[in-house]
Structures are given as C-alpha cells and as structure tokens.
Amino acid sequence: MDATKARTAANGETPVEQRLIFFNQALREAIDEEMTRDPTVFVYGEEVGVWGGSYNVTQGLLDKYGPLRVIDTPISEALIGGAAVGASITGSRPVVDFMYQDFMGIAMDQIVNQAAKNRYMFGGKNALPIVYRAAFGAGIGNAAQHTQSLEAWFTHVPGLKVVAPSNAYDAKGLLKSAIRDDNVVLFFEHKALYRERGDVPEGEYLVPLGVSDVKRAGANATIVSYARQVQFALQAAEQLASEGIDVEVIDLRTLYPLDIDPVIESVKKTNRALVVHEAVRFGGFGGEVAAQIQELGFDYLDAPVKRLGAVHAPVPFAEPLEMASFPSVESIAQGVRELMQGI
Amino acid sequence: MAARKPKAAGKKARGASKKSKLPGKEMLEWMYRTMVRIRRFEEAADRAFQAARMRGALHFYIGEEASGTGVCAALTDSDYITSTHRGHGHCIAKGGRLDLMMAELFGKATGYCGGKGGSMHIADLDLGNLGANGIVGGGLPIATGAALGSKLRDDDNVTVCFFGDGAAPNGTFHESINFGALHDLPIVYVCENNQWGMGTHVSDTNAGPGIVTRADSYGIPGVMVDGNDVFDVFAKTTAAVKRARAGKGPSLLVCETYRHRGHTVHDQAAYRDQADVDEWMARDPIERFRKTVTTAKAMSKKKLEAIDAEVLQEVEAAVEFAASSPFPQLDTLLQGVYTDV
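What you see is a predicted model; the values in this text were computed from it and never measured.

## Some remarks on the overall build of chain B
The helix and strand inventory of chain B stands at 11 helices and seven strands. In summary, chain B has a C-alpha radius of gyration of 19 Å against a globular reference of 20 Å for 341 residues, a match within 12%. The principal-axis extents of the C-alpha atoms in chain B amount to approximately 55 × 50 × 45 Å. Per-residue burial for chain B yields a buried fraction of 57% across its 341 residues.

Right, here's the structure in full:
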C-alpha cells in the first residue's frame, strides 16, 4: 500500500520526501525517541536486551540506555505482566515485550484481573501507563502456538486499549502515542510486517489512538480491516478496480477504543461492507464491527455485512494448509465480488 | 483517630527501652492501637454483615493482627505494600482510615474506592498501599514491579509483599522471588502462613520441608517469624527492610499465625480440629501483647483500656459514617475505567 497516502490521510499534510524504513525499525525509533524524551520510560521483557528483541525491535537500546532501562527478563510471563502494574502505579512507564501474543495466556491473570481492573476497582485514581507489546499473526510457518491472532480476547476486557497497525508510519506514531497514554495499551505487531518497508518521515509525529483511517477511497464497497489484512485488502482493491469495482479500505488501527464513524460514513456511500481479519472468524472482532455497522447503518445497507476470517482450526504448519487457513488477497477480492452480487 | 506511627526503624533509632528490649512507648501504643483497630473494625464489619447492612464476602484477618502490624511498624509512610483478599489488617496497619474503609465495605460513595471495589479491593497510594487483591498470588508480580520501579527511580522505598500459604505453591511466587533476587530489588516477601487456604490445610498444599526453605533456592535470607508476636515480627521485618533499603536484595519472611475465623464470613470452619483451634486461640496476639507490656510495666492497664475505648469510638463513628453515606450515583458506573475514554 501507499504509505504516503496514509500520512496524508492521518495528518492532512502534504506528502514530503520519502524515507523508506522497515516496520521494526519504525517501532524502534518510537521507543528510542520516547526513552530519550521521558526518563521514566523503560523496556523489559523476553530477549529485549542482548538479543535486541526477537524481531530486532529493541536492537541497540541496551547499549544506549543501559541495563537499568532495558531489562532482559526470565521466561516468567506472569511476572512480566504484573511487574508493569507495580512499576506504572508507582511512577514509571514500562514498555513490555511478551515476544509472542500466544505467550500472553500465561500472563492472563495479570493483564485481565490486575492491569485492566486496577484503575476502576480502586476508585479511578491510578494511572497505569503500560504498553504490552507482542508479535502476532500467521503466514511465516511458525505453526499453531506462535501464530494466533487473539486480539478479541483483549477487546472484550474493559480497561484495556488494543492497537494493531498495518504499516510502518502508523506503527511508529501509534506506539509513541501508546507510550504516552496513561492507560494499559496492548500493542500487537503482525510478524509478517516487520520486514516490510514504509515511508516514515524524520522527526517527531504522533498517530492518535482511537482514530480509524481511510487508506483508500472508493465508491462501490467498503472493506474494514486492521494490521496485515489491510495490505491484502489494498491489493485486492487494485485487482477489483480493473474489474470496475471501486473499493474503499478502512484501517481501524485501534480496536479499542473503536472509531466506527468513518466506517458508517463509508457505508452510507458504498452501501456494502466486508469486514476482514486474520483472527478466527467465529467470535472474532469482526463480529463486533459487523454488528455495529448493522446497528448504526442498517438503512444504508444493500446487502448483509460480510465477514472474512480464519477457519475454525489451529494454524497448521504445512504451507498450503497455513495459507488456506486465513484470508488472502484473492479471497478478499472474491468476497467483495460476492458482496456486490448480494451473495 | 489513626494515631500517627512513630518514625520507622532503619532510618532513625526509636529510643527502645534498654530494660525490656521492647520498642519505645510511642511505638508500643501505636502497635496496640493498630492491632485493636483491626480487630474491632472487623468485628463491627461482621455485625453489619450479619445484620444485612452489607453484601458480598468478608475475609477476616482476626487472629493475624500481629503480623501486619509488626511488618508495617518497620516501614516508612512512603514504603509500599501489596495486600491480599484478607487485606483489612494490612490496610489499617499501613495507616488506613476506618471510616473510608467501612464505607467501602458498605459500597458507599464515600468509600476508599467510591464503592467500586468493596472489601477485597481497597488501595490508597498516598499511604503506599498499592492494593488488596482478589486473586491468590496476584500481588507478587505487582509488588516486584513496584520494587523494580523504586530501583529505577532511586526513590529509596521498600516494598513489602504480603501473601499467604495458599499463594506459596503458585507460579507467581517463584517467578517473582526469582526476579527480585536476580536484581537485588528492595522488597520483602512476607508469607502469612495462617495454616489454612480456604478449607485445605497448609500441609496438604505445600510440599517439602517448609515454605521458608524456598528462600535458599534463590540465595536470599529465609526467616521464620512468630506471626502472633508483634515484637518478633517487628524485629525481623526491620532487619529485612534495612537489608532491602541498602540495596542488598529481598528476604522471605514466613509469619506463622492463625486465622481465628473461617475463610469468609459465610464459613463456620467445621473442618478444623478443636484442640488445634484451642491451642492457637491461647496464642492470641492481642492478649499476648497485653500480658507482655503489663508484665514489663511498659504500658499500664489504664492506658490499654483508654486505647480500647478510643478505638471503639472510632469504629462506631466509622460504621455511622458508612451507614449514613449515600450509595454511588449511577452516573459513576462508567467512570474510572480509563483516564480518557
């Protein structure tokens, strides 16, 4: 997709000269800049220090900031999850790396019962400036326990914010906003994006949490998605354009708080919506989006809201099986064609 | 009426009496008042519960007062604690206000958490009380994180992590102490072994030669404490806190104590052996304190009775405050989930 367009859409600015950097480099810049700006920001988690993060996001930070602010932890997920609560309510701003989203299950009590509820149940006084980072998503042969898309687990829990960027520009700006946020933010990075380049300008900018972004304008159908599937949706839109179907692509970027307004505005125009994510379709976040479209935009719909997601099975290892298990450019394009026919 | 605690040990000498080796007069009075405040508060809460003036669940700390009191006596106001589902005593010992606590137990708008938390979820950051916890073992990582924060911020605070024998077999126990020891964090892990995890005896939940020996695995001091003797708790916590504050890392204290009541207000504790109950009741921490200080002539009966009377008044006022306070307005239902949503 065209990252410059994302910048233009997000900030309403005129595009400037391109600086193409990798998604993981954009994330590193976000953390690095925030650590420089605010001495209470620190990083800890599995392999963040000497290794530099399993996808090199925190590379070089240990040398730059030292072992007090960049801490390799044991493989103790409950400790990793809960220590952020204690550190944040007493005045620090932890940026925590769980490595894989799949591993967060071991820390679920600390995230769901401790971090998410701390502020509310103690009377709304505490700030919990925590960012929990984790890689998620399939497509690179990591099999069942390293490839899930579990974001719906977390959007279901009040007290958490959930972010899942689709490109390097958004990743950097969203992560900086997440670090500055006084709430618990889960920041999910699709692992197939780490080595994708995007246009990221030099210098300071933020992308606010809770603001959806129209990544491609179109008149005939709306695709709503987030993370890597936005890239697939944009490619599908190009295919469909040659068939005479003009597709609008909306990137939610933040799943909670959800900015549904641009989606409804789009549906008013296109009268058709396809919700796409890589998570298992059944019980996935797409169900929430589809329900809201129908609640808020029913009168504008010419066809039922369609959903695409992964099959109801663990992610398989063998490449043909894995690739068949979640939406692809082709299945998205086909989904839009069916939507246009009212299938 | 929460009398101000004298300066904590480890920072300044407290003028301990040379004769009796007991703490100074002010500290003695604070200790006694604190233990009695805990007991009378909970007895009043029990009466209110039985009279259907409050709902939910109450986990009584009665019988364990010396443990929380002796530990918090060794802390400064800015030191941190994390507490448990059986947390009233910790909150009071850290300086908590009985009126705000009782109002929270009643679910009133004037309570510590505006009625959002209840008995199991009271915190007061201004007192360094990072909060009670409804999840057994849930506080260990949080306390360890607070101590990590203190190290990063160099704020000279020590964190005390209270937990029970029921949490010692939990993964968070090992994950937390391992990390605390790795980084020499300023923290004291205080296991209050009250012998029972709900209705299961500690001997049926913890393998090996004793919880305290697990300290050896992490190369930190493990200290057995008579949890019904406030002076033993105070002395051993003072040493552990001093060590932690000096940057020498955590200790594990195991306070042997006893839960006089059942697991909750609903539990008659029929699973206990009466001889065992009688033996522990004879070691009641408040009675022991009274005997020790009057025998040593460190406090007069008259003074003890005066404190008793003052605490009763404070508790009655707390109940009155709670009962006469309004319930939270319904428009607070969604307040406090986030700072900005």
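## Re unusual backbone geometry
Of note, the bond from Tyr256(A) into Pro257(A) is cis; its omega dihedral lies within 30 degrees of zero at -5°. Tracing the backbone through its elements, the reader meets Pro257(A) in the loop between strand S12 (254-256) and helix H9 (261-270). Non-glycine residue Lys297(B) carries a positive phi angle of around 55°. Tracing the chain through its elements places Lys297(B) in the loop between helix H10 (285-295) and helix H11 (301-324).

## Details of the interface of chain B and chain A
With 40 residues of chain B at the contact, the number on the chain A side is 41 residues. Looking at the side of chain B facing chain A, the largest losses of area belong to Leu152(B), Glu175(B) and Tyr338(B), adding up to 20% of the total buried there. The tally of links between chain B and chain A comes to one salt bridge. For the salt bridge of Asp340(B) with Lys161(A), the shortest nitrogen-to-oxygen distance reads 3.0 Å. In this assembly, chain B and chain A are joined by 19 residue pairs in polar contact (both at pLDDT 80 or more). Residue assignment for the side of chain B that touches chain A shows that the elements contributing at least two residues are helix H5 (139-153) and helix H6 (171-182) of chain B. For the side of chain B that touches chain A, the leading source of residues is H5(B), giving 10 residues. When the residues that make up the side of chain B that touches chain A are grouped by side-chain class, the tally is 20 nonpolar, 15 polar and five charged.

## Points about the confidence of the model for chain B
Here chain B shows a mean pLDDT of 94. Residues at 70 or above account for 95%. In the predicted structure, residues 9-18 of chain B sits below a pLDDT of 50 and forms 21 contacts with residues beyond four places in sequence or in another chain.

## Brief notes about the packing of helix H2 (residues 23-37) of chain A against helix H7 (residues 168-180) of chain A
Residue and element names in this part refer to chain A. As a packed pair, H2 and H7 sit with axes 8 Å apart at the nearest point and diverge in direction by 30°. Judged on the interaxial angle alone, H7 and H2 are roughly parallel. Considering the relative orientation of H2 and H7, their crossing is right-handed. Across from Phe-23, Ala-26, Leu-27, Glu-29, Ala-30, Ile-31, Glu-33, Glu-34 and Arg-37 in H2, the residues of H7 making contact are Ala-168, Ala-171, Lys-172, Leu-175, Lys-176, Ile-179 and Arg-180. Taken together, the residues that form the contact of H2 with H7 break down as nine nonpolar, no polar and seven charged.

## Some points on the sheet that holds strand S14 (residues 306-310) of chain A
All names here are of chain A. The five strands lie next to each other as S9-S11-S10-S13-S14, forming an open sheet whose pairing is mixed. On the outer flanks of this sheet lie strand S9 (213-216) and S14, each paired with one strand and no other. Each neighbouring strand pair of the sheet contributes to a mean axis angle of 25°, computed without reference to strand direction. Pairing of S9 with strand S11 (residues 247-251) involves three bridges; the strand directions are antiparallel. The residue of S11 that forms the bridge with Val-214 is Ile-250. On top of the sheet, helix H8 (residues 228-242) reaches S9, strand S10 (221-225), S11 and strand S13 (273-280); it is set at about 170° to S11, its chief contact.

## Things to note about the state of the cysteines
All names here are of chain B. This model, assessed by the stated rule, comprises zero disulfides over all chains. Cys-113 carries a free sulfur, and the closest cysteine sulfur to it, the one in Cys-91, is 8.8 Å from it. Given a relative accessible area of 2%, Cys-113 falls into the buried group. Residue Cys-255 stays outside any disulfide, its sulfur separated by 8.2 Å from that of Cys-191, the closest cysteine.

## Examining the sheet that holds strand S4 (residues 93-100) of chain A
Strand-to-strand pairing in sheets goes through backbone hydrogen bonds, with the strands running parallel or antiparallel. Residues and elements named next belong to chain A. An order of S3-S2-S4-S5-S7-S6-S12 is seen for the seven strands of this open sheet, with the pairing classed as mixed. Both edges of this open sheet fall to strand S3 (70-72) and S12, since each of them pairs with a single strand only. Averaged over neighbouring strand pairs, the angle between their axes works out to 20° when direction is ignored. Relative to strand S7 (residues 184-190), strand S5 (residues 130-136) runs parallel, the two sharing seven bridges. Each residue of the ladder has a partner; that of Tyr-132, found in S7, is Leu-186. Contacts between helix H4 (residues 77-89) and the sheet are confined to strand S2 (41-45), S4 and S5, with S4 contributing the most and set at about 165° to the helix.

## What to know about the packing of aromatic side chains
For the coordinates displayed, the defined rule picks out 17 aromatic pairs over all chains. A centroid spacing of 4.3 Å and a plane angle of 10° characterise the contact between Tyr169(A) and Tyr205(A), whose relative ring orientation is stacked. Of this pair, Tyr169(A) sits in helix H7 while Tyr205(A) sits in the loop between strand S8 (197-199) and S9, and the two are 36 residues apart along the sequence. When its relative accessible area of 1% is taken as the criterion, Tyr169(A) is described as buried. Considering the side-chain rings of Phe163(B) and Phe173(B), the 5.6 Å spacing of their centres and the 70° angle between planes classify their relative orientation as edge-to-face. With Phe163(B) in strand S2 (residues 159-164) and Phe173(B) in helix H6, this residue pair connects regions lying 10 residues apart in the sequence. When its relative accessible area of 0% is taken as the criterion, Phe173(B) is described as buried. A connected cluster of aromatic rings, assembled from ring pairs, spans Phe23(A), Tyr55(A), Tyr100(A), Phe103(A) and Tyr194(A).

## Details of the domain arrangement of chain A
Residue and element names in this part refer to chain A. Domain boundaries in chain A define domain 1 (3-199) and domain 2 (213-340). Measuring from the centre of the C-alpha atoms in domain 1 to the corresponding centre in domain 2 gives 25 Å. Listed by partner, the interface residues are 31 residues for domain 1 and 25 residues for domain 2. Carbon and sulfur atoms make up 58% of the surface buried where domain 1 meets domain 2, a total of about 2,200 Å² over both sides. Seen at the junction of domain 1 and domain 2, the total is two salt bridges. Note that Asp-170 and Lys-215 form a salt bridge whose closest N and O atoms lie 2.7 Å from each other. Here domain 1 and domain 2 share 15 residue pairs in polar contact (both at pLDDT 80 or more) between them. Looking at the side of domain 1 that touches domain 2, the elements with two or more residues in it are helix H1 (3-11), helix H6 (151-155), strand S6 (160-163) and H7.

So, how was this worked out
Residues numbered from 1 in each chain as written. Chains lettered and ligands numbered in written order. Predicted model: local features only at pLDDT ≥ 70, side-chain atom pairs only at ≥ 80, totals over all residues. Heavy atoms only, no water. Helix = DSSP H or I, 4+ residues; strand = E, 2+ residues; numbered from the N terminus. Rg over C-alpha atoms; globule rule 2.2 N^0.38 Å. Buried < 20%, exposed > 50% of the residue type's maximum accessible area, 1.4 Å probe, protein only. Contact = heavy atoms within 4.5 Å. Buried area = accessible area lost by both parts, 1.4 Å probe. Salt bridge = Lys/Arg side-chain N within 4 Å of Asp/Glu carboxyl O. Polar contact = N/O pair within 3.5 Å; in protein donor to acceptor, adjacent residues only side chain to side chain. Nonpolar A, V, L, I, M, F, W, Y, C, P; charged D, E, K, R; others polar. pLDDT = per-residue confidence, 0-100. Axes fitted to C-alpha atoms, helices over the stretch in contact; angles between N-to-C directions. Parallel < 35°, antiparallel > 145°, perpendicular 65-115°, else oblique. Left-handed = near helix turned anticlockwise from the far one by under 90°. Pairing = 2+ DSSP bridges. Disulfide = S-S within 2.5 Å. Phe/Tyr/Trp six-rings, centres within 6.5 Å; stacked < 30°, edge-to-face > 60°. Domains from an automatic or database assignment.

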